[in-house]
Amino acid sequence: MTQEWWRPDRFAARRSRLDQRGRILDAVRRFFAAHGYVEVDTPALQVSPGLEPHLRAFKTRLHDPRDSRTAERYLHTSPEFAMKKLLVAGVSRIWQLAHVFRDGERSATHHPEFAMLEWYRAGATYHDLMDECATLVGSCQDAAGAEALVWRGGTADARRPWQRLKVADAFEEYCGIDLLATAPDPLAPDVDRLAAAARHLGIAPHPGDDWEALYFRIFLERIEPVLGVGAPTILYDYPLSMAALARRSPTDPRLAERFEVYACGLELANAFGELTDAAEQRRRFAADQAKKHALYGETYPIDEDFLDALEHGLPPCAGIALGFDRLVMLATGAEDIEDVQWAPVR
């Protein structure tokens with residue numbers, strides 16, 4: 001998009017998609033009202049922005065005139081910590097359309113500030129949220145007046161039955177790799193084993209790559225482009241090492257209760273059967289920050305108030321984060337995320 005996006009002739013080219021965005025948001029609100037959810041609004045300014053190792057946050061300073069206190073704060077990369085505190089407080093079904101902030105991200109599908117749709121449900125499993133997500137996305141497609149979701153020539157009709165595919169099965173089907181065999185220790189998967197298993201694909205680790213980096217090189221080249229073709233795909237049951245906020249599977253200790261949604265080869269949502277154990281969550285946070293420091297030479301604070309809330313008692317629950325701008329892109333056939341935003345970050 002050009003700098004002068006506000007010129008009437010340029011803005012007019014985007015207006016129909018923005019009108020569709022409004023209808024999609026109306027459908028979202030109807031869905032959550034019908035399912036007994038409460039819309040919440042939590043602060044973007046947080047002690048911790050989120051601790052995923054590869055995300056970069058925006059840092060600022062808070063000046064409190066009441067006591068002249070000055071403190072570092074961050075714009076959140078997700079409203080997850082605050083929303084889970086509301087679950088602890090006793091609100092059992094919550095949703096939010098939040099603006100979130102991620103530095104160093106700008107492409108056709110990434111923006112430094114974008115809209116994230118998140119919802120959490122106490123007493124639900126991640127399989128329950130698979131069903132809810134399919135119903136919601138189908139309703140949004142209808143609201144946009146679209147026959148199918150569209151991205152770069154591919155289509156996915158969200159009203160058709162969604163494919164459900166385990167991560168390990170995807171690696172076996174599309175790559176001929178026994179993924180779990182490369183992680184005899186679920187928390188410390190072996191990059192050398194994965195490199196050996198991927199040799200026949202002609203995909204090798206780069207110097208310094210760990211198991212996860214090689215996993216994504218394989219995934220992005222051989223698996224992601226074929227997911228969500230014809231109908232969306234739910235990719236689920238991730239290796240335990242790839243789910244810092246998800247609980248371990250009670251049926252297979254090598255796995256975590258995590259799923260992602262793909263449409264037309266584009267990632268749309270990420271969800272967890274949520275981890276509720278405060279001690280385990282602290283251990284995972286520490287491991288993620290050690291990795292972040294090793295890769296990027298920086299760390300972010302841990303939100304001790306969040307861990308206190310887990311200790312007090314987060315009920316069994318599931319939660320999901322869905323990229324709202326991407327959903328609008330798919331439903332309107334937009335090629336660039338800025339084509340479905342009212343105004344870009346400049």
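Report on the accompanying structure. (Residues numbered from 1 in each chain as written. Predicted model: local features only at pLDDT ≥ 70, side-chain atom pairs only at ≥ 80, totals over all residues. Heavy atoms only, no water.)

1. Details of the overall build of the chain
In plain terms, the rule: In this description a helix means any DSSP run of H or I spanning at least four residues, a strand means any run of E spanning at least two, and both kinds are numbered starting from the N terminus. Both definitions apply: the radius of gyration is a C-alpha atom measure, and the globule rule equals 2.2 Å times residues to the power 0.38. Relative accessibility decides the category of a residue: with a 1.4 Å probe and only protein chains considered, values under 20% of the type maximum give buried, values over 50% give exposed, and everything between is partly exposed. Residue contacts are defined here by distance: any two heavy atoms, one from each residue, within 4.5 Å place the two residues in contact. Accessible surface area values rest on a Shrake-Rupley calculation with a 1.4 Å probe, where residue burial reflects the displayed protein chains alone. Counting rule applied: Lys, Arg positive; Asp, Glu negative; His and chain ends not counted. The atom standing in for a charge is NZ when the residue is Lys, CZ when it is Arg, CG when it is Asp and CD when it is Glu.
From N to C terminus, the chain includes nine helices and 13 strands. Against the compact-globule benchmark of 20 Å for 346 residues, the chain has a radius of gyration of 20 Å, which places it among compact chains. Overall, the chain is about 55 × 55 × 40 Å in size when its C-alpha atoms are taken along their principal axes. Taking all 346 residues of the chain together, 52% fall into the buried category. Considering only intrachain contacts with a sequence separation of at least 6, the fraction spanning at least 24 residues in the chain is 68%. For the chain, the accessible surface area stands at approximately 15500 Å², while carbon and sulfur atoms represent 51% of it. Distance between charge centres in the chain, computed from 41 positive and 53 negative side chains, equals 3 Å.

2. Notes on the pairing of strand 11 (residues 255-263)
As a reminder, the rule being used: A pair of strands is considered paired only if DSSP assigns at least 2 bridges between the two.
Of all the nine residues making up strand 11, nine are buried; the element is thus mostly covered by neighbouring parts of the structure. Of the two faces of strand 11, both are covered, the one formed by L255, E257, F259, V261 and A263 as well as the one formed by A256, R258, E260 and Y262. Of the strand pairs in this sheet, strand 11 and strand 12 (residues 266-273) are connected by six bridges, and their pairing is antiparallel. In the strand pairing of strand 12, F259 is matched with A271. Hairpin connection between strand 11 and strand 12: a loop of two residues separates the two successive antiparallel strands, and C264 in this loop has a positive phi of roughly 60 degrees.

3. Quick notes on the pairing of strand 3 (residues 58-64)
Where strand 3 and strand 4 (residues 69-75) come together, seven bridges link them in antiparallel fashion. Bridge assignment links D64 to a residue of strand 4, and that residue is R69. As consecutive antiparallel partners, strand 3 and strand 4 are separated by four residues, and within that stretch S68 has a phi angle of approximately 60 degrees, a positive value.

4. Some words on the packing of aromatic side chains
Put simply, the test is: Two rings belonging to Phe, Tyr or Trp (six-membered ring only in the last case) form a pair when the distance between their centres is within 6.5 Å. Interplanar angles under 30 degrees mark stacking, angles over 60 mark edge-to-face geometry, and anything in between is tilted. We call a charge positioned over a ring when the NZ of a Lys or the CZ of an Arg lies within 6 Å of the ring centre and within 35 degrees of the ring normal.
Considering all chains together, one arrives at 14 aromatic pairs under this definition. Relative to Y37, the ring of F32 lies with its centre 5.1 Å away and its plane at 70 degrees, an arrangement referred to as edge-to-face. In this structure, F32 and Y37 share a single accessibility class: buried. Aromatic pair Y215 and F216: ring centres 5.2 Å apart, planes at 85 degrees, arrangement edge-to-face. Judged by its relative accessible area of 1%, Y215 is buried. Assessed through its relative accessible area of 32%, F216 is described here as partly exposed. Chaining the aromatic ring pairs together yields one cluster made of F171, W211, Y215, F216, F219 and Y262. A cation over a ring is seen here: R258 above Y238, with NZ or CZ 4.2 Å from the ring centre.

5. Considering the packing of helix 7 (residues 278-296) against helix 8 (residues 304-313)
The condition that has to hold: Axis angles are defined between N-to-C directions and span 0 to 180 degrees, where every axis is a line fitted to C-alpha atoms and, for a helix, only to the segment in contact. Every angle not falling under 35 degrees, over 145, or within 65 to 115 is termed oblique; those three ranges are roughly parallel, roughly antiparallel and roughly perpendicular. Amino acids outside the nonpolar list (Ala, Val, Leu, Ile, Met, Phe, Trp, Tyr, Cys, Pro) and the charged list (Asp, Glu, Lys, Arg) are all regarded as polar, and Gly is one of them.
Viewed as axis vectors pointing N to C, helix 7 and helix 8 meet at an angle of 150 degrees, and their least axial separation amounts to 8 Å. Between helix 7 and helix 8, the crossing angle belongs to the class labelled roughly antiparallel. Here A278, Q281, R282 and F285 of helix 7 come into contact with helix 8, specifically with E304, F306, L307, L310 and E311. Here the residues of the contact of helix 7 with helix 8 are counted per class, giving five nonpolar, one polar and three charged.

6. Topic: helix 7
Filter applied, for reference: To estimate the expected span of a helix, count its residues, drop one, and scale the result by 1.5 Å. What the arc covers is the set of directions going from the helix axis to the C-beta atoms.
Helix length check: helix 7, at 19 residues, gives a terminal C-alpha distance of 26 Å against a target of 27 Å (1.5 Å per residue), a fit within 8%. For helix 7, every residue scored as buried is listed here: A278, Q281, R284, F285, D288, Q289, K291 and K292. When helix 7 is viewed along its axis, its buried side chains cluster within an angular range of 160 degrees and face the same direction. In helix 7, the exposed residues that point more than 90 degrees away from the buried face are A279 and A294. Residues of helix 7 that are buried in the fold lie against helix 2 (80-89), helix 6 (211-223) and helix 8. Backbone geometry just downstream of helix 7 places G297 in the positive-phi region, at approximately 70 degrees.

7. Here we look at helix 9 (residues 324-332)
Among the nine residues of helix 9, nine are classified as buried, and the element is accordingly described as predominantly covered. Positioned one or two residues after helix 9, G333 has a phi angle of 75 degrees, which is positive.

8. What about the sheet that holds strand 3?
Taken in spatial order, the three strands line up as 2-4-3 in an open sheet, and their pairing is antiparallel. Only two strands of the sheet have a single neighbouring strand rather than two, namely strand 2 (45-46) and strand 3.

9. Quick look at the side chain of S249
Inclusion rule: Whenever two N or O atoms come within 3.5 Å, that pair is a polar contact, provided that in protein one can donate a hydrogen and the other can accept it, and provided that, for residues adjacent in sequence, both atoms are side-chain atoms.
Here S249 shows up in the loop between strand 10 (233-239) and strand 11. Assessed through its relative accessible area of 7%, S249 is described here as buried. There is a polar contact of 3.0 Å between the side chain of S249 and the side chain of T251. Here the side chain of S249 touches D252 through a polar contact of 3.2 Å, landing on its backbone nitrogen. Setting aside residues no more than four positions away along its own chain, S249 makes contact with L255, A256 and E257.

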